[in-house]
Amino acid sequence: CKIINSIQGYPKLNNFRKILWKWLYKKSNLLITMSNLTRTYIIDQININEKKIVKINNPVISRQIRLQSKEKISKDVELLMNNNFCITLVGRLTRQKNYMSFLKVLKKLNKEFDNLFIIIIGEGELRKDIENFLDLNKINNVKLTGFEKNPYKYISRSKLFVSCSLWEDPGHALIEATYLNVPVLTSD
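Draft legend 1. Representation of the pairing of strand β7 (residues 160-163) in the model. Residues L160 and V162 line one face of β7 and the alternating positions F161 and S163 line the opposite face, and both faces are buried. As paired elements, strand β4 (residues 85-90) and β7 share two bridges and run parallel to each other. Paired with T88 across the two strands is F161, which belongs to β7. Direction of pairing for β7 relative to strand β8 (residues 184-186): parallel, over a ladder of three bridges. By the bridge assignment for β8, F161 is matched with V184. Between the parallel pair β7 and β8, the chain is carried across by helix α8 (residues 172-179), and the sense of this crossover is right-handed.

So this is what it looks like as structure tokens:
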């Protein structure tokens, strides 16, 4: 039996996770990462033999993305996107994606601009918190789509793609948005 693990994204290690990862990953025959940064981090922080870690680029960009970006969306959403400055965010509704910070900024922006339309594509444990924040602050220009099999049809029609994540590696959605020629605003 061979044990192969894949580490997706840049790891955030607290003491417990570091101990757990050292114990688990040292038993692995192979670790796969998607970036040299993550590979180096795992070697340095978990002290794993570098011969057991392989970087495999995740092939994000494909012609299929361009084709999917042309698929139809509902007429009501398309109308909102066309008649407003549409900003799209994509990712799980989790702390990592930092949507609450974006929504706090949006609350201020809505006082100055009346033509913003926001689409947040994704599902997760913070959905109720986000919905409550929107209701409490009477923000009604945000559409939470939930999980979308094809986010590209929304991204490609947007005026701006925003990533406010606390951490990302390598940031597939950013790469996909730039491939679709949509300007990107991202956190550091």
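And the narrative resumes.
Draft legend 2. Main features of the sheet that holds β8. In space, the five strands of this open sheet follow the order β6-β5-β4-β7-β8, with parallel pairing throughout. Edge strands, defined here as strands with exactly one partner in the open sheet, are β6 (142-146) and β8. Within this sheet the neighbouring strands show an average axis-to-axis angle of 20°, counted without direction. In the sheet, strand β5 (residues 116-121) pairs with β6 via four bridges, with the strands oriented parallel. Note on β6: the bridge partner recorded for I118 is V142. Contacts from helix α4 (residues 75-83) reach β4, β5 and β6 within the one sheet, and its direction differs from that of β5 by about 130°. The strands that helix α5 (residues 99-112) touches are β4, β5, β6 and β7; relative to β5, the one it contacts most, it runs at about 170°.

Draft legend 3. The packing of aromatic side chains, seen in detail. Under the definition given, this model contains one aromatic pair. Arranged with centres 5.1 Å apart and planes meeting at 70°, the rings of W21 and Y25 form a pair that is edge-to-face. Taken together, the positions of W21 and Y25, both in helix α1 (residues 15-25) and four residues apart, correspond to about one turn of that helix. The same class applies to W21 as to Y25, namely buried. Positioned above the aromatic ring of Y179 is the side chain of R66, whose terminal nitrogen or guanidinium carbon lies 4.5 Å from the ring centre.

Draft legend 4. Spotlight on the packing of α5 against helix α6 (residues 127-136). Direction vectors running N to C along α5 and α6 enclose 10°, while the axes themselves pass 11 Å from each other. Between α5 and α6, the crossing angle belongs to the class labelled roughly parallel. On the side of α5, the interface is formed by Y99, M100, L103 and K104, while α6 contributes D129, I130, F133 and L134. Among the residues making up the contact of α5 with α6, the classes are represented as six nonpolar, no polar and two charged.

Draft legend 5. Local environment of the pattern of salt bridges. Within the structure shown, the criterion is met by five salt bridges. With a shortest N-O distance of 3.0 Å, E131 and R127 are connected by a salt bridge. Within this pair, E131 and its partner R127 are both found in helix α6, separated by four residues, close to a single helical turn. Residue E131 pairs with K128 through a salt bridge whose shortest N-O separation is 3.5 Å. A residue pair is termed a helical-turn pair when its members lie 3 or 4 positions apart in one helix, as E131 and K128 do in helix α6 at three residues.

Reading the values: the criteria
Residues numbered from 1 in each chain as written. Predicted model: local features only at pLDDT ≥ 70, side-chain atom pairs only at ≥ 80, totals over all residues. Heavy atoms only, no water. Buried < 20%, exposed > 50% of the residue type's maximum accessible area, 1.4 Å probe, protein only. Helix = DSSP H or I, 4+ residues; strand = E, 2+ residues; numbered from the N terminus. Pairing = 2+ DSSP bridges. Right-handed = clockwise from strand over helix to strand, strands pointing away. Axes fitted to C-alpha atoms, helices over the stretch in contact; angles between N-to-C directions. Contact = heavy atoms within 4.5 Å. Phe/Tyr/Trp six-rings, centres within 6.5 Å; stacked < 30°, edge-to-face > 60°. Lys NZ or Arg CZ within 6 Å of the ring centre and 35° of its normal. Parallel < 35°, antiparallel > 145°, perpendicular 65-115°, else oblique. Nonpolar A, V, L, I, M, F, W, Y, C, P; charged D, E, K, R; others polar. Salt bridge = Lys/Arg side-chain N within 4 Å of Asp/Glu carboxyl O.

Just geometry here; none of it tells us what the structure is for.
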